[in-house]
Structure formats: structure tokens, C-alpha cells
Amino acid sequence: MNEISAKLPGLKLLLFKDGEEYVAHILDFDLVGTGATREEALKEVSDSATAQIAYALEHNRVKELLHPAPSEFYEKWKIAEQHALMDILISAKRPVRARKYEALELPASDLVPCMA
């Protein structure tokens, strides 16, 4: 891990199912990946984010990298995060129901290409 990637914060990622597809949305970059499984959607959006970060670093365009998603998606992420916390607190007492949205934090350091 290099000095830059060690200082990067986690990226907000909203994961949900839309019809038959899973959607993974990195809110900080407003990048979306889709797939038949949640893993496929996560891989697609991670690969896109890695390519975008590599391009920004290579072409000195880091300031243009962050392009936040519309605020409605941040609200969904915040609600999903609160539900996840509540699910952890109550899961010992009763079964947790499935949620439409899942709030994840993607380590940005995993997306930064190695720089020699």
C-alpha cells in the first residue's frame, strides 16, 4: 500500500436489487455496476472505479475524480446504514428481515492501482 492509498477514506456504496439485476452504486463517484449476482455487480463497479482512479492519477485530473451521486442516493445509504445497525442490535432476539438497500463502505485503498 502506498502513501496515497493509505490516506483515502472508504467510499459509500449502495447495493440493491432492481428487477432481476443487482446494482452496486459508488456514491462518491456516481458510478454504477450491474450483474446477475451481487458479486458481479460489485466487481463491475470496482473495476470501473479502479480504471477511473488510474486515469485521474495518470493524467493529473484527481480534482475531477469525485462526482457525487444525487442526494437521494445518499439518503437511501444513510437509512440502509441505520437499518443495518439496528439489525445487528436486535438480531440476537429475533430474525432480521431482508432489506431492499444495503449500505457498504468500500475501502478506496483497494481500488488504487499500485504506483511504482
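Coordinates for the structure precede this section.
Figured I'd write up the structure that's included with this text. (Residues numbered from 1 in each chain as written. Predicted model: local features only at pLDDT ≥ 70, side-chain atom pairs only at ≥ 80, totals over all residues. Heavy atoms only, no water.)

**Remarks on the overall build of the chain**
Reasoning step 1: Along its length, the chain carries three helices and four strands.
Reasoning step 2: Traced from its N-terminal end to its C-terminal end, the chain shows the element sequence α-β-β-β-α-α-β.
Reasoning step 3: The 116 residues of the chain split such that 29% are buried.
Reasoning step 4: Of the contacts formed within the chain by residues at least 6 apart in sequence, a portion of 53% connects residues at least 24 apart.
Reasoning step 5: A total accessible area of about 7,800 Å² is found for the chain, and carbon and sulfur atoms account for 56% of it. (Helix = DSSP H or I, 4+ residues; strand = E, 2+ residues; numbered from the N terminus. Buried < 20%, exposed > 50% of the residue type's maximum accessible area, 1.4 Å probe, protein only. Contact = heavy atoms within 4.5 Å. Areas by Shrake-Rupley, 256 points an atom, 1.4 Å probe, with all protein chains shown as cover.)

**Overview of the side chain of His25**
Reasoning step 1: You can see His25 is positioned in strand S2 (residues 21–26).
Reasoning step 2: With residues near it in sequence (within four places) discarded, His25 still touches Lys12, Leu13, Leu14, Asp30, Leu31, Val32, Ala69 and Phe73.

**Quick word on the side chain of Ser46**
Reasoning step 1: Here Ser46 lies in helix H2 (residues 38–58).
Reasoning step 2: Looking at Ser46, its side chain comes within polar contact range of the main-chain oxygen of Leu42, at 2.8 Å. (Polar contact = N/O pair within 3.5 Å; in protein donor to acceptor, adjacent residues only side chain to side chain.)

**Some thoughts on the nonpolar core**
Reasoning step 1: Core analysis: the largest hydrophobic core is formed by 18 residues, its most contacted members being Leu11, Leu13, Ala24, Ile26 and Phe29.
Reasoning step 2: Among the elements of the structure, strand S1 (10–18), S2 and H2 are those that each provide at least two residues to this core.
Reasoning step 3: Broken down by element, the residue count for this core peaks at six residues, all from H2.
Reasoning step 4: Excluding anything up to four places from it in sequence, Phe29 contacts Leu11, Ala49, Ile53, Leu65, Leu66 and His67. (Core = buried A, V, L, I, M, F, W, Y, C linked by side-chain atoms within 4.5 Å.)

**Focus: the packing of aromatic side chains**
Reasoning step 1: Taken as a whole, this structure holds one aromatic pair when the rule is applied.
Reasoning step 2: Taking NZ or CZ as reference, Lys12 lies 4.7 Å from the ring centre of Trp77, over its face. (Phe/Tyr/Trp six-rings, centres within 6.5 Å; stacked < 30°, edge-to-face > 60°. Lys NZ or Arg CZ within 6 Å of the ring centre and 35° of its normal.)

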